Every structure is written in structure tokens, then in C-alpha cells.
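Topology and contacts: notes
What follows is each chain in one-letter form.
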Amino acid sequence: MLETPSPPLQCVFSGIQPSGTLHLGNYLGAVAQWVTLQHRTATPIFCIVDWHALTVWQDPAALRAGVLDLAASLLACGIDPQKSILFPQSLNPDHVELAWLLNCVARFGWVSRMTQFKEKSGKNREQASLGLFAYPVLMAADILAYPTNGVPVGDDQRQHLELTREIAIRFHDQYGGGDSVAEPLLIPPATLVLPTGARVMSLRDGNKKMSKSDPSDAARIDMTDDDDTIRRKIQRARTDSLPFPETAMTMQDRPEVANLIGIYAALRGESIESVMAEFAGGPFAPFKEALAESLVETIRPIRTRTVALRADEAALVRMLTDGAGRARAISQPRLARVRQMMGLL
Ligand code: TYM
């Protein structure tokens, strides 16, 4: 199922930005994997990356609320703070110190090639924050601050993870093997991407990723949407006038259709082929009804739990602070070793 590395996973790390609401792409591409992996990993660590969010301007009150909203949503999705370490990035300053040290290892040319920076800065590159450019190195530091073997993410993060591996390897080329050559201090981690759900596209345009920043609410299913909103969005989701595809061939060049089938397969834990066999050749209406009902069944309990958990702000802050303490206990001795290897006092 997962592109899992051969040794068992000791430590997984992943992150998510607290700007905007958790959406179906985040859930199917990343968070659903986190929930499964937390039961199969000795040290699962999940981080609400508020420093990353600041690479574009955020309203301070909305950012603070967004961190707590997201914490409630992640718990509601099934992240168990007894099993997993869940914390906001800004409560562990080890990430920024390591990011600075790795800024001096990463090459300007490597970071310049990051397509996400090019997409996000667009024509306004001169006015983009320096943080937006350096972001992938902070992401590498997030991961390498821990003995991370695997990073469960959606497909859009692959390039950042390749950079993370390059940085880890270059660090050891420059500063030696660390404690053991067989197990380097900074471990090049595996990218864990699911076969379905890894790239959920907009409901309005199958060539665009489903994203928090899409101005059209109809392009996205939020994990806070109520039942009627979900049904309406799916009913209006773009398809085409051809019948339901029967084979991969008849799905070609139909990105909106492929996306809806992919979402249904991911929700039901089925293969694309078995979904095609179920609805082959027919009209889209019954498929859309089944898809909407699967979404409602998945999202309704998550939505209800999110509201209940969000009501106790003090408990959320306590849980996040506790998580940050547990994270720091792991990163601190590692950072001390990095400092020493680089020749700092
Ligand atoms: P972010 O906040 O954009 O997204 C969080 C996770 O959701 C996945 N995702 C999607 N998956 C499938 N289809 C989509 N349409 C979709 N949209 C988002 C993302 O792939 C991601 O896994 N740079 C990261 C956050 C980060 C991080 C890290 C991740 C910071 N440090 C360290 C892993 C490890 C980001 O902006 O994700």
C-alpha cells in the first residue's frame, strides 16, 4: 500500500500548515496515513507548522485560532496524543536553529529549483518573503531534528523530501559520519505516499490541486462542511457528458472524472479498477450519490468531534505544550551533536 522503506519505521514525522481549514486533500493525502501509521511506529511525530504559515502574511488572531482549530481537527481525525507527539512548530525552537545550520549546508541552486516556490511566488517573485524561499530548508530541519525514517505526505511534497535527503547526505559529506556510519545522525528519510488520495484535485478544475488557497469554496471539500454542503458540492462537481469510464483508457484526458473516482476509491479503501467495475458505462448520478454518502459518513463524525474538542481551548493548549516538551526532549541532544560536529562551542 504505502511506498514503505524495508526496515520497520521507528520514527515518522509530518507537518501541516495552520492557515485555512483542513480539507479533503489534506485528509486523504496525509492525515489518514498519520492515523494508521501512529499504530505502526514507535515514535510518530506530527507538527502544526505555524512558522511555515508566516512565509505569507497571516492575520495574527486568525493564525492563533487556526493552530487550535487544526489541533482539534487532527485529534478528531484520530490522532491520539497518547500515541503520537502533536505540537506547534513554534514551541520547539530547535527547528529554527537547525534550519540556520542547514541553510549553510543546502546550496542556493538546489533551493532555487523548488517548484512550489515558483508557483507560490509567481510573477511577484521580487516581493516574496525570504522565508518563502528558505521554507524547504526549514522543512528539512523539521524532519531531520528527529530520527525520522519516513515522512507521510501527499504527492506535492515529493520534491521537498528529495531536497531533505540531499541536505542530510551533504551534511555528512562535509562533517563526517556522526556516531556511526551505518546509521547517520541525519537520516535521509523515505517519502510515504499513498497510491490513492495522494493528489486530490479541485472539484472545479481537475488540473489544479485541491487547496486551502483556492478562492472558490466549491472547489474544495472542507472537513468542517455540513452534510448538505458536501452533497451540493459533489452534485455540482465538474464531470463530462461521456458515460462512466470502464477502463483506464476511457478515463484518460478526463481529469475531473479521474479525480472523483480516486476520491471514492481512497474513501472506501478500494482500487480504481473495482470502482470502475461497480459503475462502468452508466450515468454519473448514482456514482455521485454514492460518493457524497461516503464523504458524509467519513466527515460527519470528524466534524462533530472537532466542534466538541475545540470548545475546551485550555485542554488543547495543555496537550500541545506537552507535545512540544516531548518533541524537544528528542531534538535537543541531536541538535547538540550537530552543533558539535559543525565546530560550535
Ligand atoms: P500543507 O499544509 O500544504 O499540506 C499538509 C499535507 O496535506 C497534503 N496535501 C494534499 N494531499 C493530497 N491532495 C491535495 N490536494 C493536498 N493538499 C495538501 C500535503 O502533501 C501535506 O502532506 N510543506 C508542508 C508542511 C510541512 C511538512 C514538514 C510536511 C512542513 N514541514 C515536514 C512534512 C514534513 C505543507 O505545506 O503542507
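Structure shown above.
The structure displayed is predicted, hence computed values, not measured ones. (Residues numbered from 1 in each chain as written. Predicted model: local features only at pLDDT ≥ 70, side-chain atom pairs only at ≥ 80, totals over all residues. Heavy atoms only, no water.)

For the rest of this paragraph, the subject is the layout of surface pockets. Volume-wise, the largest pocket comes out at about 1,300 Å³. Within the residue set of the lining of the largest pocket, elements represented by two or more residues are β1 (11-16), α1 (24-37), α2 (50-53), α6 (115-121), α7 (130-144), β4 (150-152) and α8 (158-175). For the lining of the largest pocket, a count of residues per class yields 18 nonpolar, 20 polar and 11 charged. (1 Å grid on protein atoms, 1.4 Å probe; cavity = no way out; pocket = protein on both sides within 12 Å on 5 of 7 lines; lining within 4 Å. Points joined across faces, edges and corners; volume = space filled by probe spheres on them. Helix = DSSP H or I, 4+ residues; strand = E, 2+ residues; numbered from the N terminus. Nonpolar A, V, L, I, M, F, W, Y, C, P; charged D, E, K, R; others polar.)

This paragraph deals with empty space enclosed by the protein. In the structure shown here, the tally under the stated rule is one cavity of 30 Å³ or more. What the largest cavity holds in volume is close to 60 Å³. Looking at the largest cavity, the residues that line it are Met114, Gln116, Phe117, Lys120, Leu132, Tyr135, Pro136 and His160. Of all elements in the fold, only α6 and α7 reach the threshold of two or more residues within the lining of the largest cavity. Among the residues making up the lining of the largest cavity, the classes are represented as five nonpolar, two polar and one charged.

Relative orientation of the contacting elements helix α3 (residues 60-77) and helix α14 (residues 313-341) amounts to 85°, with a least axis distance of 10 Å. Compared by their axis directions, α3 and α14 come out roughly perpendicular. Each of Arg64, Val67, Leu68, Ala71, Ala72 and Leu75 in α3 lies in contact with α14, whose residues at this interface are Glu313, Leu316, Val317, Met319 and Leu320. Its residues assigned to classes, the contact of α3 with α14 comprises nine nonpolar, no polar and two charged. (Axes fitted to C-alpha atoms, helices over the stretch in contact; angles between N-to-C directions. Parallel < 35°, antiparallel > 145°, perpendicular 65-115°, else oblique. Contact = heavy atoms within 4.5 Å.)

A word on the environment of Met342. By the element assignment, Met342 lies in the segment after α14. Judged by its relative accessible area of 18%, Met342 is buried. Along the backbone, Met342 and Asp312 are 30 residues apart, and their C-alpha atoms lie at a distance of 44 Å. Leaving out residues up to four positions away in the same chain, Met342 has contacts with Leu101, Val105, Phe171 and Tyr175. (Buried < 20%, exposed > 50% of the residue type's maximum accessible area, 1.4 Å probe, protein only.)

A contiguous patch of positive charge on the surface is contributed by Arg204, Arg232, Arg236 and Arg238. One can find Arg232 in helix α9 (residues 227-236). (Patch = residues over 30% accessible without salt bridge, like charges linked within 9 Å, V, L, I, M, F, W, Y side chains within 5 Å. Areas by Shrake-Rupley, 256 points an atom, 1.4 Å probe, with all protein chains shown as cover. Salt bridge = Lys/Arg side-chain N within 4 Å of Asp/Glu carboxyl O. Lys, Arg positive; Asp, Glu negative; His and termini not counted. Charge placed at Lys NZ, Arg CZ, Asp CG, Glu CD.)

Here Trp34 lies in helix α1. The buried category is assigned to Trp34, whose relative accessible area is 0%. Between the C-alpha atoms of Trp34 and Leu102, which are 68 residues apart in sequence, the distance is 26 Å. Contacts of Trp34, omitting those with residues within four sequence positions, involve Ser14, Gly15, Ile16, Phe46, Leu74, Ile79 and Pro152.

This paragraph deals with helix α12 (residues 272-279). Considered for burial, the residues of α12 that qualify are Val275, Met276 and Phe279. Down the axis, α12 shows its buried residues gathered within 100° of arc, on one side only. For α12, the exposed residues lying more than 90 degrees away from the buried face are Glu273 and Ala277. Phi turns positive one or two residues past the end of α12, at Gly281, with a value near 75°. (Arc of directions from axis to C-beta.)

Bringing the side chain of Arg220 into the picture now. Structurally, the position occupied by Arg220 is in the loop between β5 (190-192) and α9. At a separation of 3.3 Å, a polar atom in the side chain of Arg220 contacts the main-chain carbonyl oxygen of Lys212. (Polar contact = N/O pair within 3.5 Å; in protein donor to acceptor, adjacent residues only side chain to side chain.)

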